[in-house]
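Single-letter residue listing:
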Amino acid sequence: MQFSSLKQDAQIFDLLQKETRRQAEGMELIPSENYTSAAVMEAMGSILTNKYSEGYPGKRYYGGQENIDDIENIAIERAKQLFGAEHVNVQPYSGSPANTAIYFALLNYGDTIMGLKLDHGGHITHGLPISFSGRSYKIVPYLCKPDGWLDMDEVERLAKERKPKLIVAGFTAYPRDIDWKRFRQIADAVGAIAMADISHTAGLIAGKQLENPVPYFDVVMTTTHKTMRGPRGAIIMCKEKYAKDIDRAVFPGLQGGPHDSIIAGKAVCFAEALQPDFADYAKQIILNAKALANELKKHGFKLVTDGTDTHLILIDLTNKNITGKIAQTTLDAIGITLNKNTVPHETRSPMDPSGIRLGTPAITTRGFKEEHMARVATWINDALAHTNDTAALQKIKEEVKTFCLQFPIPNIHA
Ligand code: DSN
């Protein structure tokens, strides 16, 4: 991107130039980040941002909606086709407001929700005590086993004992595939609403590499900017019987005017994900993650659950005598970006936890293949063995930069 019009704002122009260089010269391993296509970017940056459209297609509060209605309807139809959904709301601004809208639509304050505990891989909105979800609902958290795998028997036991009104499955730091059918059976056994948050894996599901919960679940939320590779936003999919409640909760319950430019970006992203080559992309993400996991293990890294079925790898660094915070800072210094993360049964603080979380959606968009993963793992290992050696880190940084510049990013010309 040349940002030619932005030159009028020297400060922001300069920072965008620097961020362009950072993204081009560095390696993005944060598993929730990705690069959108030029088409998605154009839709997001379009004149649609000038418009207000409170309401839904055919039922708006302001005039001038003839094109906006068509765009929103196209986004809805494409999402339905992609995931086999009965009803789709494409207006949620992002994942947290979308999850909040689902609770607002389907629960009363004080009702019981079961969700995976945050430090075991759940999301803030799945019941963290200090979040809106934790303060407004009674939360019954479930946990992973000491080896990091979900304990489905314990989920079933807890559900039968605590009789939640809603069970959330789908996680932000869990490397394994999810047994959606078992979750559905457990929800049915206790009369709970089954909700899936597939924000991390939606692209792998749309690309037909992981099983799709949409046919079984009452309500499914996904963000559109992670493995979906679309604009920053979210959608809610649900069974027809919940459609009215979900729509009313999103608008006017929680949000005002929808972000029409982002909805256009979602429509473009769904069209891209409906193309056959998106399945190839999704498949390659997982091949890369498995290859990277194996290479990291060769260097003695301890992976939570000992591997991955998805795009995501969680490493417990305890045996390396290094914390997640130091690892993140050290890898930042060589141009490899990932995030410090708690591991199941964490003993440290979330600001300086025992682990790191990494993944392959962004590097796969860039064109990395399995044969490149040995180098990535070796750079990570070498850097973490030289946390205080500035010269060694600088040398690795140069290697990472030279390597990354061979893989262009859509929209970015460094
Ligand atoms: N921040 C997202 C992630 O990194 O997984 C979740 O909201």
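Residues numbered from 1 in each chain as written. Predicted model: local features only at pLDDT ≥ 70, side-chain atom pairs only at ≥ 80, totals over all residues. Heavy atoms only, no water.

The chain carries the name Serine hydroxymethyltransferase in an unreviewed UniProt entry, which gives Candidatus Falkowbacteria bacterium RIFOXYA2_FULL_47_9 as its organism. Regarding the chain, the relevant UniProt record gives this comment under Cofactor (unreviewed entry): "pyridoxal 5'-phosphate". Per UniProt, the chain carries the Sequence similarities (unreviewed entry) text "Belongs to the SHMT family." (UniProt positions renumbered as here; feature names shortened; annotations may be inferred.)

Our focus in this paragraph is the site of the ligand. As a structural note, the neighbourhood of the ligand is formed by S32, H123, T172, H200, K226 and R357. The contact in question runs from an oxygen atom of the ligand to an N or O atom on the side chain of S32, over 2.6 Å. R357 places a polar side-chain atom, nitrogen or oxygen, 2.7 Å from an oxygen atom of the ligand. Within the complex, 63% of the 230 Å² of free accessible area of the ligand lies under protein. Within the shell around the ligand, the residues separate by chemical class into no nonpolar, four polar and two charged. (Near = heavy atom within 4 Å. Polar contact = N/O pair within 3.5 Å; in protein donor to acceptor, adjacent residues only side chain to side chain. Areas by Shrake-Rupley, 256 points an atom, 1.4 Å probe, with all protein chains shown as cover. Nonpolar A, V, L, I, M, F, W, Y, C, P; charged D, E, K, R; others polar.)

With that out of the way, let us pick up unusual backbone geometry. Here the amide bond leading from F251 into P252 is cis, since omega sits at 10 degrees, within 30 degrees of zero. Along the chain, the position of P252 falls in helix α9 (residues 243-254). With a phi angle near 65 degrees, D306 is a residue other than glycine that sits in the positive phi range. Relative to the helices and strands, D306 resides in the loop between β11 (302-303) and β12 (312-316). Phi is positive for N411, which is not a glycine, with a value near 75 degrees. Residue position: N411 is located in the segment after α15 (390-404). (Helix = DSSP H or I, 4+ residues; strand = E, 2+ residues; numbered from the N terminus.)

Before going further, it helps to spend a moment on the UniProt feature "domain: Serine hydroxymethyltransferase-like" (unreviewed entry) in the chain. Mapped onto the present numbering, the UniProt feature "domain: Serine hydroxymethyltransferase-like" (unreviewed entry) falls at residues 7-380. The span residues 7-380 carries 42% helix and 15% strand; its end-to-end C-alpha distance comes to 37 Å.

As for its placement among the helices and strands, N381 is situated in helix α14 (residues 373-384). With a relative accessible area of 17%, N381 lands in the buried category. Aside from chain neighbours lying at most four places away, what touches N381 is H299, F301 and K320. (Buried < 20%, exposed > 50% of the residue type's maximum accessible area, 1.4 Å probe, protein only. Contact = heavy atoms within 4.5 Å.)

Another point: helix α3 (residues 66-83). Quick reminder: α-helices carry 3.6 residues per turn. Residues three or four places apart thus point the same way. With 18 residues, α3 should cover 26 Å at 1.5 Å per step; its first-to-last C-alpha distance of 27 Å lies within 8% of that length. Within the span of α3, buried status applies to I68, D69, E72, A75, I76, A79, L82 and F83. Along the axis of α3, the buried positions cluster into a sector of 165 degrees, meaning they face one direction only. Opposite the buried face of α3, by more than 90 degrees, sit the exposed residues E66, N67 and Q81. The inward-facing, buried residues of α3 abut β2 (55-56), β3 (59-60), β4 (87-89), α8 (202-206), β10 (234-238) and α10 (260-273). Positive backbone phi, at 70 degrees, marks G84, one or two positions downstream of α3. (Expected span 1.5 Å × (residues − 1). Arc of directions from axis to C-beta.)

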